[in-house]
Every structure is written in structure tokens, then in C-alpha cells.
Amino acid sequence: MTTTRLAGRDTVTGHGLCIIVTEDRIAALEPAELTSGPYLAAGLIDLQVNGYRGLDLNDGALTPARVSELTRMMPGLGVTTYLPTLITASRASLLSALAAIAEARRQDPLCARMIPFVHVEGPFLAPEDGPRGGHPREHVRSPDLDEVAEWQHVSGDLVGMITLSPHHDQIETFIRALTEQGILVAIGHTAATADQIRCAVAAGARLSTHLGNGAAATLPRHPNFIWAQLADDRLDAGFIADGFHLPADTFKAMLRAKGLERSYLVSDKTALGGMPPGIYDQPIGGRVGVGSDGRLSVVGTPYLAGASRPLRQDVALAIGMADLTLSQALQLATRNPGRFVGNRGRLAVGEAADLILFDWDGGAASLDIRETYVAGEKWRGD
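Please read all numbers here as calculations on a predicted model, not as lab measurements.

**Topic: the pattern of salt bridges**
Within the structure shown, the criterion is met by 22 salt bridges. Note that Glu30 and Arg5 form a salt bridge whose closest N and O atoms lie 3.5 Å from each other. Pair noted here: Glu30 is in strand β3 (residues 25-32) and Arg5 is in strand β1 (residues 3-10), with a separation of 25 residues, a long-range link. Since its relative accessible area comes to 31%, Glu30 is described here as partly exposed. You can call Arg5 exposed: its relative accessible area is 54%. One salt bridge in this structure joins Arg91 and Glu150, with 2.7 Å as the shortest N-O distance. Taken as a pair, Arg91 in helix α2 (residues 91-107) and Glu150 in helix α4 (residues 145-155) lie far apart in primary sequence, 59 residues in all. By relative accessible area, Arg91 is classed as partly exposed at 34%. The exposure class of Glu150 is partly exposed, given its relative accessible area of 32%. When salt bridges with common partners are traced through the structure, they connect Asp236, Glu261, Arg335 and Arg339 into a single cluster.

As C-alpha cells, this is what we get:
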């Protein structure tokens, strides 16, 4: 039996903390004589990852090897659990990608551990420009339980979360059918009315995907679907706190309205995240510019072309954007999203030893990951 002792500073108190790991579990938590050095916390949990550093989950040519390679990048970023996210595409393309992810989990124990299920963002979204975002219009379609059944057949029931727009006809029946299968339903990329939002929640929708984005540039002052989602305590809301997708005052106000306990962060990072500045031709989005600051934009326009910053940066940026403490920002990227992936992201005896040791100074734009432990296995930071 292998036992490991990890020491660092508690992110809540700043005092020394020692975590004793036996095999893949937390066996004990004890005080430690530390006043400086790295912080010790639960590993980050990202419910929305489209790719990173040139590895694309949505280019129509996904392989199990690429899934494994992407998965092995995640611990270096401090992420111990993530959801590969497939966006709107043809029926054949989605089936192929799901089969590749399922095969990666069969072949690679790290994929099986770090990927609890897949998030399909679409294709049952709003077709209009604005709400649709970067999702290809030609593949947006109406909800279809037979298609979802195909997804589950080829993947071994691996689809565990679906983002949809609740404006479609018979959407309540569709949502109820998904929730009866144990699939999380999230509202996103929508122009739905406030009444349609409320009906979707009553039918079982539980999440808001990157609230405030995937929306028209202008909305009615009130009512609108953002207010409706912020006001509904039955919905937990995801936010992209990268400094580009939401202005700081908007993020702060939305976080206060929804409440810390019902909020979580996602990176929504794409294959261009971590790539050098320049112009890239993308299968989705066309010509995309990567700025020196990491901003992704559609060339020749002011529009965003996705997200590039990993969750370790979003956590650090959220602190300054919303006047949070380090422990509060980490809650948004550990325990809160962890509720939707088997209650991961908690520091408690008996829980999985998914842990990070990191440095952070007030005002820094990123957590500096020293070490990551996935089920007790050590990985270095990048």
C-alpha cells in the first residue's frame, strides 16, 4: 500500500495543511507547520473543453490518440476532471467523435479516470446569428431522441450533458426524456423567451451554459432569457471568466445575482488555446486571429472566436474581476462543478486524491501549477 504526504497552505486559512494519500484516496487531513510555500487544493474541474494547443475535438477527424494526448495535457494545467465538449456538427461527425472518445477511455486508464462523460453542446440550438455563436448553421436541428439514442449506442452511454435552446416545440417532453436517462440538461445558445426558460427548468434543465454568451448583441431590457436564468434558483450557471467573454462588472453582477453556491467556471477553451499569436484557418470559425493577449477573434471583425485561456487563468482572473478570495474562486472551479461529476473536487477523507500544489500571489493572472495528482498519481505542472 502506497502512502504519500503532501504539505501546502490551506487556501481558506493560509495555514499549513498536510494531506495523507493512501493509494488513490485521501486518508487524512492534518495541520502542518507552514507559513509560506505553495497552496494545496482540490484539482480543477472543467465542464467545457473543446481542445487545446492544436488538438481539436471538433474538426471531424477525432481519434482516440488525440483524446489521450489532450487528456495528458490537462494535469499540467491543474485540471483533474474535464468534459470533452462536442459542438454542433453533422450526425455522422458527432457519432464518429463520440466513438473516438469512448475508445480512448477503453484504451487509456487516465482518460477513463479524468473523463466521466461527454458534454454535447448542440446541435439543438437557436439557428439565428448571435445566439448560435460559432456553431455551424447548416447543422443546427430540432431535438431528436432517436439521434440521442444513436449517440449513446456508439459511445456506451457516454453522453452525460447536453446544451440546448428551449425554444423548440415539445422541448419539455424532450428534456424530461433526457433527465430520465440521467443526462444533465443545460440551457445555452438561445433566444428563448423567459416563459420558455421557466418551462425548460420545470421539465428538468439544471444548468446554464456560459451564461451571458451565445446571445444576441442586443436584447430587450426586460424580460429576457438572461434575467430569467439568473433569477431561477433551480439553475446553476457556468461563466467564462477569461476577461474577454464578460466584462468584469457584468461578471461580478451576474455572480452576485446567481450566488457563489450556484455558479461555476468553465474555460470553454478551443484548439487555438496555448498557440502562438498569429492567423489560423480553422474548420469551424474560418480565419481566426490569436492575439498576444490570448484573445481569439474572427479576422476582420470585433467578434470573439472562442476561448483560449485554461481554467487556472480564469480562476486567477475571476478573483480580480469579482473581488473574490482565492478560496471562493477555487470553489467555482472545484466543488461547485464537481457536484455534476459525482461530487468530485472536495477535500475530505475518503475522497479521490485529485489535488494540486500551486503558487499564486495577489494580482497574478494565473495559478502557477507545481504538481497535480490524479487519483494519487503525480504529474508535474507545465
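**Focus: the packing of helix α1 (residues 64-73) against α2**
For the pair α1 and α2, interaxial distance at closest approach is 8 Å and the crossing angle is 65°. Taken as axis vectors, α1 and α2 run roughly perpendicular relative to one another. Note that α1 runs across α2; the crossing there is right-handed. Here Pro64, Val67 and Ser68 of α1 come into contact with α2, specifically with Ala100, Ile101, Glu103, Ala104 and Gln107. Residues belonging to the contact of α1 with α2 are distributed by class as follows: five nonpolar, two polar and one charged.

**Observations regarding the packing of aromatic side chains**
Under the definition given, this model contains five aromatic pairs. For the pair Phe124 and Trp151, a centre-to-centre distance of 5.8 Å together with 20° between the ring planes defines the contact as stacked. Here Phe124, found in the loop between β9 (118-121) and α4, pairs with Trp151, found in helix α4; they are 27 residues apart in sequence, far enough to count as distant. We note that Phe124, like Trp151, is buried. Centroid distance Tyr264 to Phe340: 6.2 Å. Interplanar angle 55°. Geometry classified as tilted.

**Structural notes on the sheet that holds strand β2 (residues 16-22)**
Strand order in the open sheet formed by seven strands is β3-β2-β1-β4-β18-β19-β20, and the pairing between neighbours is mixed. Lying at the two open borders of the sheet, with one neighbouring strand each, are β3 and β20 (377-380). Across the sheet, the mean angle separating the axes of adjacent strands is 30° when strand polarity is ignored. Strand direction decides the pairing type here: strand β4 (residues 39-42) and strand β18 (residues 355-359), joined by four bridges, are antiparallel. Looking at the pairing, Ala41 lines up with Ile356 of β18.

**Some thoughts on the sheet that holds strand β16 (residues 286-290)**
Ordered by their spatial adjacency, three strands build an open sheet running β15-β16-β17, and the pairing between neighbours is antiparallel. One side of each edge strand has no neighbouring strand; the edge strands of this open sheet are β15 (278-282) and β17 (296-298). Taken over all neighbouring pairs, the strand axes of this sheet differ in orientation by 35° on average, direction set aside. Here β16 pairs with β17 via three bridges, running antiparallel. Residue Val288 lies in a different strand from β17, and its bridge partner there is Val298.

**Topic: the packing of helix α8 (residues 248-258) against helix α9 (residues 311-322)**
Between α8 and α9, the shortest axis-to-axis distance is 8 Å and the interhelical angle comes to 85°. The pairing of α8 with α9 is recorded here as roughly perpendicular in orientation. Across the interface between the two elements, Ala248, Phe251, Lys252 and Leu255 of α8 pack against Ala318, Met321 and Ala322 of α9. Classifying every residue of the contact of α8 with α9 by side-chain character gives six nonpolar, no polar and one charged.

About the criteria used
- By convention here, each chain's residues receive numbers from 1 onward along its written sequence.
- In keeping with the model being predicted, local features are shown solely for residues with a pLDDT of at least 70 and side-chain atom pairs are shown and tallied solely at 80 or more, while totals for entire chains, interfaces and linings include all residues.
- To obtain the side-chain values, all non-hydrogen atoms of the structure were used and water was disregarded.
- Salt bridge, as used here: a side-chain nitrogen of Lys or Arg that lies within 4 Å of a carboxyl oxygen of Asp or Glu.
- Only DSSP runs of H or I covering at least 4 residues are called helices, and only runs of E covering at least 2 are called strands; the numbering of each starts at the N terminus.
- With a 1.4 Å probe rolled over the protein chains alone, any residue whose accessible area is under 20% of its type maximum counts as buried; one over 50% counts as exposed, and the rest are partly exposed.
- As a rule, the C-alpha atoms of each element are fitted with a line to give its axis, helices using only the stretch in contact, and angles between N-to-C directions run from 0 to 180 degrees.
- An angle below 35 degrees is read as roughly parallel, one above 145 as roughly antiparallel, one from 65 to 115 as roughly perpendicular, and any other as oblique.
- The sense of a crossing depends on the near helix, which, turned anticlockwise from the far helix by less than a right angle, makes the crossing left-handed and, turned clockwise, makes it right-handed.
- Contact criterion: two residues are considered in contact whenever any of their non-hydrogen atoms come within 4.5 Å of each other.
- Any residue that is not Ala, Val, Leu, Ile, Met, Phe, Trp, Tyr, Cys, Pro, Asp, Glu, Lys or Arg is counted as polar, Gly included; the first ten are nonpolar and the last four charged.
- Two aromatic rings from Phe, Tyr or Trp, using only the six-membered ring of Trp, form a pair when their centres are within 6.5 Å; if the ring planes differ by under 30 degrees the pair is stacked, by over 60 it is edge-to-face, and anything between is tilted.
- The pairing criterion is simple: DSSP has to find at least two bridges between the two strands.

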